[in-house]
There are 2 protein chains.
Amino acid sequence: MDRIFYPNSVVVFGVSEKSDNLAANIIANLKAFNYSGDIHAVGLRAGQVHGVPILTSVDALPDSIDLAVILTPAATVSNLMDGCGKKGIRRAVIESGGFSEFSEEGQELERRVCEAAERWDIRFVGPNCISVVNMENGLCLPFVPFERRAFKRGPVSVLAQSGGISITYLLMLSEAGLGVNKVVSMGNKANMDEVDYLSFLLQDAGTEVIILYLESIEEGRRLIELAATSPKPIIVHKTNVSRASAEVAFSHTGALANDDEIVSVALRQAGIARAASFDDAVRLAQGLALPPVQGRNLIVLSRTGGHAVVAADAAEVNNFRLMPISEEVLDDVRSLLRADVIALTNPLDLGAIFDFRLYARIVEKCLNVLNPDAVLVAHTYSSGPEADSSHELAYQLGELARKLYKPVAFCPFAPRSEIETLQREMGYPIFTEIEEAVRVLAASRERSAHPARLFPLPPPPARRPHEVEKLLVRDGVLTTDTALGLCAAYGISVAEWAVVDSVEGALVAAASMEYPVVLKVLSTDVTHKSDVGGVALNVGGPEKLREEFPALLARMEVRAPGAEVGEVLVQRMLPGGREVILGGKRDPSFGPVVMFGSGGVYAEVFEDVAFRLAPLTRESASEMIAEVRGSRMLRGVRGEQPVDVESIVEVLLALSRLLVECPEVTEIDVNPLLVFEEGAMAVDARAVIRCRARSGPETGI
Amino acid sequence: MDRIFYPNSVVVFGVSEKSDNLAANIIANLKAFNYSGDIHAVGLRAGQVHGVPILTSVDALPDSIDLAVILTPAATVSNLMDGCGKKGIRRAVIESGGFSEFSEEGQELERRVCEAAERWDIRFVGPNCISVVNMENGLCLPFVPFERRAFKRGPVSVLAQSGGISITYLLMLSEAGLGVNKVVSMGNKANMDEVDYLSFLLQDAGTEVIILYLESIEEGRRLIELAATSPKPIIVHKTNVSRASAEVAFSHTGALANDDEIVSVALRQAGIARAASFDDAVRLAQGLALPPVQGRNLIVLSRTGGHAVVAADAAEVNNFRLMPISEEVLDDVRSLLRADVIALTNPLDLGAIFDFRLYARIVEKCLNVLNPDAVLVAHTYSSGPEADSSHELAYQLGELARKLYKPVAFCPFAPRSEIETLQREMGYPIFTEIEEAVRVLAASRERSAHPARLFPLPPPPARRPHEVEKLLVRDGVLTTDTALGLCAAYGISVAEWAVVDSVEGALVAAASMEYPVVLKVLSTDVTHKSDVGGVALNVGGPEKLREEFPALLARMEVRAPGAEVGEVLVQRMLPGGREVILGGKRDPSFGPVVMFGSGGVYAEVFEDVAFRLAPLTRESASEMIAEVRGSRMLRGVRGEQPVDVESIVEVLLALSRLLVECPEVTEIDVNPLLVFEEGAMAVDARAVIRCRARSGPETGI
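Throughout, residues of each chain are indexed from 1 in the direction in which the sequence is written. Throughout, the order in which chains and ligands are written sets their labels, letters from A for the former and numbers from 1 for the latter. Whole-chain, interface and lining totals are the exception, using all residues; otherwise, since this is a predicted model, local features are given only for residues with pLDDT of at least 70 and side-chain atom pairs are given and counted only at 80 or more. By convention in this description, side-chain values take in all heavy atoms of the structure and omit both hydrogens and water.

### So, the relation of the copies chain A and chain B
Each copy of the chain is related to the other by a rotation around an axis and a translation along that axis.
No. 1: Take chain A, turn it by 180°, move it 0.0 Å along the axis, and it overlays chain B with an RMSD of 0.1 Å. The superposition operator between the copies reduces to a two-fold rotation axis. When C-alpha distances to the rotation axis are compared across chain A, the minimum falls at Phe606(A), with a value of 4.0 Å. Least squares is used to superpose the copies, and the fit set is the C-alpha atoms of residues whose pLDDT is at least 70 in both copies.

Structure (C-alpha cells):
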C-alpha cells in the first residue's frame, strides 16, 4: 500500500490536450499540489499538458514507475493493465467507471481487469473511484481540478465508499482547520476493501485520526476486530440506514434486532465513534485529535454569562463535572482584575478582563494547580484591536495544550473571517459551538474509558460439549426439548422436563417431578405453539393431566391441521421468579450477537432490549443488564425482594459461548428465563439451525 | 415600542473623547450603519466624536428627541431619566450595568430609575443590556464597535435574555446568509419583558421569523398564549436547563414532571420550535423562513450517489416520502442528458449533467407537474468555471421558490469561499448540511400541521360544581375520600366508597357494596398510606373485615405514631381492569399541566408518561395516550381484549377542567384509574391544596 500513497513516480493514462479531458486535471492537481515524484502521461495523441509530454504508448515510459493512474474507457483497462504489468508497474488507481456498478458487461470487464491484475501481481484501487490523495507528498489524483489553498494538511485520513463524499470530507476537514493526511475513495473494491485500507492507515505514521464513510459494511467482524485494538481514534459515518427489513424474523431476538442497531452496538464495542452526519464526523475528529480526555473534571472559561450558561448545560448533559476552582487559582485571577465585577465560580466569567493574553495565564494556572481533565475556553471578541490579542491567546492555548498534553477546547465567537483566520493558522482544532465542543470532549472521554476487553478477540477454538453434536443435525426449527437440551449442554439450568408420547408416560413423568406441570406439544412444524393451543399451563394433578393431555392433541388437530405432532413435553411449573428474555442471532456481517431484554410484554412494548457482539466479557454482560430499563425491577422496586442478577450474567456468558461455538445456530431465544432470589432457570427455548458445510466456527470468530 | 426601534432622533449619554469610551462606540455604530435619524451626544466634557458634538447638558438638546441611550454610571441614571423626562423624551435604552444584577445597592438604584420612569411615563429597555439593533434604519446601539459589512439585513428578529448571545445571533444569522431585522437584549427587564417585546415583534412588518433566547421563563403561560396564535414562526432557544429539582414532589405527577420537560411540552403545544443550540436555532430559522412545507412529499436532486444516500436516510428519519417521479418529468430529464448513465429515481442523480442551469429547469418541471411539498437540491461543484453556472442555478432556484411559493432547500457542497458568496448574495437561506436541511423542512411541516386548537385559549370562567367549594377549604394534603370526592364532582367515576368510624359502620357499608372490599385509613398526616400499612386489600367477607379493621388501626399506631387517624374508607374492590395513572400539577410559570402514564411500575421504571398544558382538547388528550408506549397494552397485545381508551380521554378532560377551575389544587394523582372493556373508574386519588387568597381562576388561565 505504501507504493500507492508514496510512489516515486506516477503515470496517468487517458490524457489529452482537449479542454474537457478529465485525466489532464489529474496532471494539473499533481502539479498544483507539488507532487514530489516524477509525472508521466500517456494518451492517444502525442502532445503536452501542464508541461508534461503525452506519450502514446506504455513502451515509451521509463522503467520502474511505481503507480499507474487509469482514466480510460472501461473496455481498454484490462489491456492497459497487461501493458503496465509488462513494464513492471505493480500498483494502479483505476478511476474509470462503467464496470460492475454500471452493467453486466461492465461486470465482465471488471473480471478481466482482476485477471490481468492477478497475472502481473498488481494491487489496485477502484475501479470507479475518484480520490487517492496524500497531502504529505502532494499526490492528488482526483480528476476534478482543485486549488491547493483549499486544502490543509493535518492529522486526519479519510476512507470513503463514495467519491463525491471523499471530496466533501477533504474540503470540510481543511476548512475546519483540522486538515487532511490521506484520502481514498474505494470505488468498486474489486481488489482492495475497507479492511485493507484501514490496516494500512492504522500503521501509517502521518495518520492520527481516521474517518470511514461507509454505505454498507460487508466484513463487519473483521473491521471491528481491527478497530478494537487500534490506538488511533476511528470515526465511522455509516449511511444507507437499513429500511424495514424485508425478511420476517423467526425469533424475538431477530425481530428486535434491527440491522442499524447492530451496527451501532458493534461500533461502540470496538471503541469507534459513530458520526450522524458530515459535520458530526468533522467535529468528532476535532475532539479526538486533541490530547485525550481522561475523566469528568471540566473547567470552563467564558466572557459572557450567556455562554457560561450554555457551557454549564452542555457539561451536565455530557456528564462532566464543573470542578471547584481553588482559592489559589481564584487569588491569581483576582490579582489580574481591575474591578471585582466577576463571578468567581466554574464557569469562570472573564468578561471584565480585556487583555486576552491573561486568559492563557489563567488556563495554565488551572492546568498546573487543578489538573482538570479538560478545559473549554468560550471566547468572545470582535474584529479590530481585540483580534490581535485573541490570536495570541489562541496561539498560547495551543502551546499550553501541547506542552501539558491536555485537551483545551478553544471556542471563539467572533466574525467568520476571524474564525477562518484561526482555523487556517492555528495548528489545532478550533470549535465553533460550545455544545458540540463539550460533546466531542465527552466522546474522547468515552474512548479513553473504553476497555478493549469489552470486545476480546475470540477465544481459541474450543471443543464444544459433545452432546451438542447430536442436537444440531438438521436444518430448521428445533423442537423445544432439543433447544432446551442445547441450553443445558452449555450449562444453563433448565426447568426439569421429560418427553413422553402417551398420557401414561406423562403421568409417570409428572409424578417424578412435582405438580403443577406444563404440557407442551413438540413439533418442528409449529412456530408459535401457544398461538395454536399447543401449551397447557398449570396442570395441578393427575386427574387434570388425564383431561388436558388428549385435549391438547385435539386442539392441535383443529388449529394446526397437518402439523406433525409426535411427542409432548412435560415440564415442572416453577413457582415465582421474575421473567426475562435472552437470545442470540447471527448477523451476516458482524457474526454472533447476544440479546437481553425485560420479560413479558416489556421487551416488545418498550423495545427494552440490549445487544452485544459475542464473545461477551463478564463486564459487558453486566452492562447489557444495566442498559435494560426494566432490569431495575430485578433489583427490587416497591419493596420487593431483589433477584439473582449475577445468575443472568452466567446465562448470558453461556449463550455467548454457545453462539461462538455453534455456527449452525442462526437464531435462538431463551424465553422466559425465570430469575429467582437464587439462581435462574430457562423455561422455554427456541432455535433455528442452518448446518451448511461448515468445518468449524464461522469466519472471523 | 415603535419609538424605540424607529426613533427620528437619538441622544447618547456618557460620551467622551477618550479612546476607551464605550458610549462613543454607539455613535460610531450609528454612523457606520447609516442611521437615518439625527444623532446627539451628551457627556461631562464638551468635544466631538465621529463628527457629533458632545453637549454637556440635557438642556442644550433640541426638543422632541425620541430616544435616549444611557451608558453612564448606575448612580447617575435616575437623575438623567428625570432630565430626559423634562425634555419630553419618552423612550430609553439603559445599557449601564451595576443595578439589581450586581448588588443590593444596585437594586435600590434600579427602583429609583423605575420611579423616575413612572414619573415621566418613560418606557425603557434594560438596564444592563447591550443590544438594540434595527437593520431597517441603521439603529445600532451596542457599545461594542461593529463593521457594517459583518451584518446582513433579513427577515429574522432576535430577542435575547443575554447581551453576549444577542451579538452571537446577530453574527451567525448574518453569516448564514439569512440576515437580521431587529435585535434586542432585554437586560434586567425592569420595565419591559419578553412578552412586551414579543407582542411588538409579532406585529412588526419587517419581522418574519422570531428567535427567543431565554435562560428562564417567568411568564410561561402568557408567552405560550401569545405564540399559539402567531402567524410568524417562533423559535425558542432555552438554556439553563433545570438541574435536579431541589423540591421534593408529593405526587407521582410532580416527581415525573421535570421542569425542562414541561418547557418542551408547552413550546410544542404552542407550535414553537425548540432549538438545542445556536446553530440549531439558525438552521430552524432558515427552514422556517422558506415558504411552508405542507406535507410529506419530497423530491431530492443530487450530483453524487453518496449525497443521494445521505438525503434518502434523512428523508426516512424525518418521515418524508420520496415521491415517485413521473414519466413525463423523467422524459424531460432524459432529453437533457448526453449519456444515459443515470439512475432516474428519487433522489434524482444528476451527476451526468454538467450544465447546472438545466437543474433549475428540472426543478421547475417537478414543481409544476408533481407538486411536491418540498424540494432539496444537494449540489456539488468546485470553484472556477463551475462556480458561475452554479451561481446562476442558485439564483434561479430562489426565483422559482418565490414564484411558485414552494420550499426549495439548496444545499451546495463547494469550497467555503463559494458558500460564503452564495450566502452573501442570494436572498434566501443556503444550507450546508443535507441532514439538517431535511430536518428543518420537517420542522416547517410540523408547524404547518400544528392545529392551534391543540392549545385553545382558556374557556370563559366556568361556574365550578358547587360541591367543590366545601372540599377545598384548607391547605395541605386532602384525605382520600375528599380527593375522590373532588374527582367525582368533575364527573370521574369512582369505585363505590363509604367513610366509617367503626367496625360496625364498615360492616354495614361493605354489606351494601359487594365483597371483597378494601380498607384505607384516612389521615392528612400520612403521605403514603400503603407504606405504613394503612391499606387492607382484598377483604373477602364480614369475618375478615372484623379482623382487618382493628389490625389496620393497630398497624398505624406502630408505624405512623402520632398520625391522626379518625376514619376509615371502605371501598369496593373491583375485579379486572387495566391500571393507568393520571395526574396534574400547577407549574409556577406555565400553570396547570395534565399527566397520563402507564400504570403500575411502568410509569416510574420506563418514565412512560406524557404531559400537556391544560386546558386539553379532545385531540390532545388522545395524543397523550398515544404518546405513552405502554398504552399499546390497552389496545390489546397477545390476544387480550382491548379496553375502553375513549373513557380515559373523558377522565383526562375532566381532570383538565378540574385543574383550570380549581387553582387551589397544586398537585393531584388519580392512581390507579382502572380501565375496563367499557368505562373506567378511579380507585385512589391524592391531592395537595393551597388556597391562598384567590378570587377566581389563576392568572392567565
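### Side note on the sheet that holds strand 13 (residues 234–238) of chain A
Residue and element names in this part refer to chain A.
No. 1: With respect to topology, 7 strands assemble into an open sheet ordered 9-8-11-10-12-13-14, the strand pairing being mixed. Where the open sheet ends on each side, the last strands, each with one partner, are strand 9 (139–140) and strand 14 (273–274).
No. 2: Sheet topology note: the strand 8 (residues 132–134)/strand 11 (residues 180–185) ladder contains 3 bridges and is antiparallel. By the bridge assignment for strand 11, Asn134 is matched with Lys182. At least two bridges found by DSSP between two strands is the condition for calling them paired. Strands are runs of DSSP state E lasting at least 2 residues, helices are runs of H or I lasting at least 4, and numbering of each runs from the N terminus.

### Some thoughts on the side chain of Asp481(B)
Residues and elements named next belong to chain B.
No. 1: With respect to the secondary-structure elements, Asp481 resides in helix 18 (residues 480–489).
No. 2: Buried, partly exposed and exposed residues are distinguished by accessible area as a fraction of the type maximum, computed with a 1.4 Å probe on protein chains only: under 20%, between the cut-offs, and over 50%, respectively. The exposure class assigned to Asp481 is buried, which follows from its relative accessible area of 18%.
No. 3: In protein, a polar contact requires one atom able to donate a hydrogen and another able to accept it; more generally it is a pair of N or O atoms within 3.5 Å, and residues adjacent in sequence count only if both atoms are side-chain atoms. Engagement of the side chain of Asp481 in a polar contact is seen with the side chain of Thr479, the distance being 2.5 Å.
No. 4: With residues up to four places along the chain from it excluded, the contact list for Asp481 reads Trp497, Val499, Leu522 and Leu569. Working rule for contacts: check all heavy atoms of both residues, and any pair within 4.5 Å makes them a contact.

### Quick notes on the interface of chain A and chain B
No. 1: On the side of chain B, 58 residues touch chain A, which itself brings 58 residues to the contact.
No. 2: Criterion for a salt bridge: a side-chain nitrogen of Lys or Arg within 4 Å of a carboxyl oxygen of Asp or Glu. Counting across the chain A and chain B interface gives 4 salt bridges.
No. 3: For Glu607(A), the salt bridge identified is with Arg629(B), shortest N-O distance 3.3 Å.
No. 4: Taken together, the links from chain A to chain B amount to 16 residue pairs in polar contact (both at pLDDT 80 or more).
No. 5: Of all the secondary structure elements, the ones that give two or more residues to the side of chain A that touches chain B are helix 5 (163–175), helix 10 (278–289), helix 11 (305–317), helix 15 (416–425) and helix 21 (602–605) of chain A.
No. 6: Take the side of chain A that touches chain B: its biggest share by element is 8 residues, from helix 11 of chain A.

### Considering the confidence of the model for chain A
Residues shown with low pLDDT carry predicted positions that ought not to be read at fine detail.
All names here are of chain A.
No. 1: Every residue carries a pLDDT, the predictor's confidence in it, which falls somewhere between 0 and 100. Mean pLDDT over chain A: 89, with 93% of residues reaching 70 or higher.
No. 2: A low-confidence stretch, residues 244–248 stays under pLDDT 50, and its non-local contacts, those more than four residues away or across chains, total 0 contacts.
No. 3: Ignoring residues within four places in sequence, the model shows residues 693–701, a span with pLDDT below 50, making 18 contacts including any to other chains.

### Overview of the sheet that holds strand 4 (residues 52–55) of chain B
Residues and elements named next belong to chain B.
No. 1: One open sheet accounts for 7 strands, arranged 3-4-2-1-5-6-7; its pairing is mixed. In this open sheet, the two strands that pair with only one neighbour each are strand 3 (47–49) and strand 7 (123–125). Each strand of the sheet is rotated relative to its neighbour by a mean of 25°, with strand direction disregarded.
No. 2: Relative to strand 6 (residues 91–94), strand 5 (residues 67–70) runs parallel, the two sharing 4 bridges. Across the sheet, residue Val69 finds its bridge partner in strand 6, namely Val93.
No. 3: The strands touched by helix 2 (residues 22–32) within the sheet are strand 1 (9–13), strand 2 (38–42), strand 3, strand 4 and strand 5, with strand 1 carrying the most contacts at an inclination of about 155°. Axes here mean lines fitted to C-alpha atoms, for a helix over just the part in contact, with angles spanning 0 to 180 degrees between N-to-C directions.

### Notes on the environment of Pro407(B)
Residue and element names in this part refer to chain B.
No. 1: In this structure, Pro407 sits in the loop between helix 14 (385–404) and strand 19 (408–413).
No. 2: By relative accessible area, Pro407 is classed as buried at 1%.
No. 3: Measuring from C-alpha to C-alpha, the distance between Pro407 and Ser36 comes to 34 Å, with 371 residues separating the pair along the chain.
No. 4: Apart from residues lying up to four places away in sequence, Pro407 is in contact with Leu290, Pro291, Pro292, Val293, Asp373, Ala374, Val375 and Leu441.

### Details of helix 16 (residues 434–449) of chain B
No. 1: To estimate how far a helix should extend, the number of its residues minus one is multiplied by 1.5 Å. If you check helix 16 of chain B, its first and last C-alpha atoms are 23 Å apart, about what 16 residues at 1.5 Å a residue would give, namely 22 Å.
No. 2: Those residues of helix 16 of chain B that sit buried are Ile434(B), Glu435(B), Glu436(B), Ala437(B), Val438(B), Val440(B), Leu441(B), Ala442(B), Ala443(B), Ser444(B) and Arg445(B).

### A closer look at the environment of Ala315(A)
All names here are of chain A.
No. 1: Take Ala315: it is sitting in helix 11.
No. 2: Each C-alpha atom of the pair Ala315 and Arg439 lies 8.3 Å from the other, and the pair is 124 residues apart in sequence.
No. 3: When near neighbours in sequence (up to four residues on either side) are disregarded, Ala315 contacts Leu298, Phe320, Leu322 and Val438.

### Focus: the packing of aromatic side chains
All names here are of chain A.
No. 1: Classification of ring pairs rests on two measures: the distance between centres of Phe, Tyr or Trp rings, Trp counted by its six-membered ring, which must be within 6.5 Å, and the angle between planes, read as stacked under 30 degrees, edge-to-face over 60 and tilted in between. Taken as a whole and judged by the stated rule, the model has 13 aromatic pairs over all chains.
No. 2: Consider the rings of Phe5 and Phe200, whose centres lie 5.0 Å apart with planes at 5°: the pair is stacked. With Phe5 in helix 1 (residues 2–5) and Phe200 in helix 6 (residues 194–203), this residue pair connects regions lying 195 residues apart in the sequence. In this pair, the class of Phe5 matches that of Phe200, namely buried.
No. 3: Chaining the aromatic ring pairs together yields one cluster made of Phe33, Phe146 and Phe151.
No. 4: If you follow Arg445 out to its NZ or CZ, it ends over the ring of Phe320, 4.5 Å from the centre. Should the NZ of a Lys or the CZ of an Arg lie within 6 Å of a ring centre and within 35 degrees of the ring normal, that charge is described as sitting over the ring.

### Considering the packing of helix 22 (residues 618–627) of chain A against helix 23 (residues 645–661) of chain A
All names here are of chain A.
No. 1: Two elements in contact, helix 22 and helix 23, have axes whose closest approach is 9 Å; the angle formed by their N-to-C orientations is 120°. It follows that helix 22 is oblique to helix 23 by the angle criterion. Along this stretch, helix 22 crosses helix 23, giving a crossing that reads as right-handed. Between helix 22 and helix 23, the contacting residues are Arg618, Ala621, Ser622, Met624 and Ile625 on the first element and Val645, Glu646, Ile648, Val649, Glu650, Leu652 and Leu653 on the second.
No. 2: In this classification, the charged set is Asp, Glu, Lys and Arg, the nonpolar set is Ala, Val, Leu, Ile, Met, Phe, Trp, Tyr, Cys and Pro, and all remaining amino acids, among them Gly, are polar. The residue inventory of the contact of helix 22 with helix 23, partitioned by class, reads 8 nonpolar, 1 polar and 3 charged. Note on angle classes: values under 35 degrees are labelled roughly parallel, values over 145 roughly antiparallel, values of 65 to 115 roughly perpendicular, and the remainder oblique. When the near helix sits turned anticlockwise from the far one by under a right angle, the crossing is termed left-handed; a clockwise turn instead gives a right-handed crossing.

### Quick look at the pattern of salt bridges
Residues and elements named next belong to chain A.
No. 1: Following the criterion strictly, the structure yields 75 salt bridges over all chains and no others.
No. 2: The partner of Glu108 in a salt bridge is Arg112, with the nearest N and O atoms 3.6 Å apart. Within this pair, Glu108 and its partner Arg112 are both found in helix 4 (residues 104–120), separated by 4 residues, close to a single helical turn.
No. 3: Its relative accessible area of 30% is what places Glu108 among the partly exposed residues.
No. 4: A residue is classified by how much of its surface remains accessible, and Arg112, at 38% relative accessible area, is partly exposed.

### What about the environment of Pro372(A)?
Residues and elements named next belong to chain A.
No. 1: Relative to the elements of secondary structure, Pro372 occurs in the loop between helix 13 (357–370) and strand 18 (374–380).
No. 2: Spatially, the C-alpha atom of Pro372 lies 8.5 Å from that of Lys406, the residues being 34 residues apart in sequence.
No. 3: Once residues within four sequence positions are removed from consideration, Pro372 is found in contact with Asn297, Ile299, Met323, Cys366, Leu367 and Lys406.

### A word on unusual backbone geometry
No. 1: Looking along the chain, the bond that leaves Gly126(A) and enters Pro127(A) is cis, with omega of -5°.
No. 2: Topologically, Pro127(A) is positioned in the loop between strand 7 (123–125) and strand 8.
No. 3: Residues Asn671(B) and Pro672(B) are joined by a peptide bond in cis, for which omega reads 0°.
No. 4: Looking at the element boundaries, Pro672(B) is found in strand 28 (residues 665–675).
No. 5: A positive phi angle, near 50°, is found at Asn34(A), a position not held by glycine.
No. 6: Along the polypeptide, Asn34(A) turns up in the loop between helix 2 (22–32) and strand 2 (38–42).

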